[in-house]
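Chain residues, written in single-letter form:
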Amino acid sequence: MKPRLLYASFRFGQTTLLLAVLIFASSVMAQCPGPIEPEDRLRRAASVTVTGAGIITAWGIAHWDYFSTRPSASSEGWFGQDSPEGGADKLGHLFTTYATAQGISSLFEHWCFTPEDAARYGALSSFAILGYMELGDAFSDFGFSYEDLIANAAGALAGYYRYRYPSLARKVDLRWEVGVKPNQIDLTTDYDNSKYLVALKLNGFDTFSQGFLRHVELHAGYYTRGYSAPDEPDERTLYVGIGLNLTDLFRRNGYSKTATFLNYYQPPGTYLAAEETLGD
């Protein structure tokens, strides 16, 4: 497996693990007589962050040649036609940090942090862990990317606000869609089979919470095609869509863990979309 694929695979594994933590913690009622003391809060947040950084260091030295070169940095661009993966990789960074922040925040709340503190420390820990990974890249052949770090920061902020404000979480999701026909084993680098989107859930609004529209959500997304296939043209696509609110459907029927997972994953074929392919 190429170094980039190992790199992305680890990111995917980290995100999957933290999503599992989120789903587990959201389904377990923590027995909290009261908020924990500030010193204990800092100790626990630091332990999660240091543990994450330690795992990244060990893996980076073993598989990504961390600390084998002089530090380097570069600008990769954003969503231009000639940027790497048409910018889909930047959305991957954003989503990974966002999902990690949500998972750690849920874990912290299970440890008796207040929801506000859980959101704050979860976002900071996520940004620190993913930011450290980007710093490690500077001492390898990958190099430090300014855009990757900014995307990480945006993901951490999104994770904070969504966890801190339940009214926002009832209305808005950030999701990753993986198609049913993967082109390679490593899904995270299979951008020809991935989409990233924002979903607006109408059942989160009081006006629509009881009527038929509670089953409906609106989508806005972005994906690229062809960047990993030398014989195909590179394409960038924006789309808007209308879909079925599966999170509400599963939660109303008692499948809370599945509903939580679907806050982050968009199953293909569950919406109708209008698309616009971007020019050069």
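Everything numeric here is computed off the predicted structure, so don't read it as measured data.

Participant: Please provide a residue-by-residue account of the overall build of the chain, values included.
Facilitator: What the chain contains, in helices and strands, is eight helices and seven strands. The proportion of buried residues among the 280 residues of the chain is 48%. Taking the contacts inside the chain whose residues are at least 6 apart along the sequence as the reference set, 72% of them involve residues at least 24 apart. With the model as given, the accessible surface of the chain reaches about 13900 Å², and the carbon-plus-sulfur share is 63%.

Participant: Just give me the short version of the packing of helix 3 (residues 88-110) against helix 5 (residues 146-164), but keep the residues and values in it.
Facilitator: Between helix 3 and helix 5, the least distance of the axes is 7 Å, while the angle of their chain directions is 40 degrees. Overall, the two elements helix 3 and helix 5 adopt an arrangement that is oblique. As helix 3 runs across helix 5, the sense of the crossing is right-handed. Contacts from K90, H93, L94, T97, Y98, A101, Q102, S105, S106 and E109 of helix 3 reach helix 5 at E147, D148, A151, N152, A154, G155, A156, A158, G159, R162 and Y163. Residue composition of the contact of helix 3 with helix 5, grouped by class: eight nonpolar, eight polar and five charged.

Participant: Describe unusual backbone geometry, naming the residues involved and giving the relevant values.
Facilitator: We note that E85 has phi near 60 degrees; this positive angle belongs to a residue other than glycine. By the secondary structure assignment, E85 is in the loop between strand 1 (73-74) and helix 3. The phi dihedral of C112 falls on the positive side, at around 80 degrees, and the residue is not glycine. Here C112 is to be found in the loop between helix 3 and helix 4 (115-138). Exposure remark for C112: the relative accessible area of 13% places this residue in the buried category.

So, how was this worked out
- Residues numbered from 1 in each chain as written.
- Predicted model: local features only at pLDDT ≥ 70, side-chain atom pairs only at ≥ 80, totals over all residues.
- Heavy atoms only, no water.
- Helix = DSSP H or I, 4+ residues; strand = E, 2+ residues; numbered from the N terminus.
- Buried < 20%, exposed > 50% of the residue type's maximum accessible area, 1.4 Å probe, protein only.
- Contact = heavy atoms within 4.5 Å.
- Areas by Shrake-Rupley, 256 points an atom, 1.4 Å probe, with all protein chains shown as cover.
- Axes fitted to C-alpha atoms, helices over the stretch in contact; angles between N-to-C directions.
- Parallel < 35°, antiparallel > 145°, perpendicular 65-115°, else oblique.
- Left-handed = near helix turned anticlockwise from the far one by under 90°.
- Nonpolar A, V, L, I, M, F, W, Y, C, P; charged D, E, K, R; others polar.

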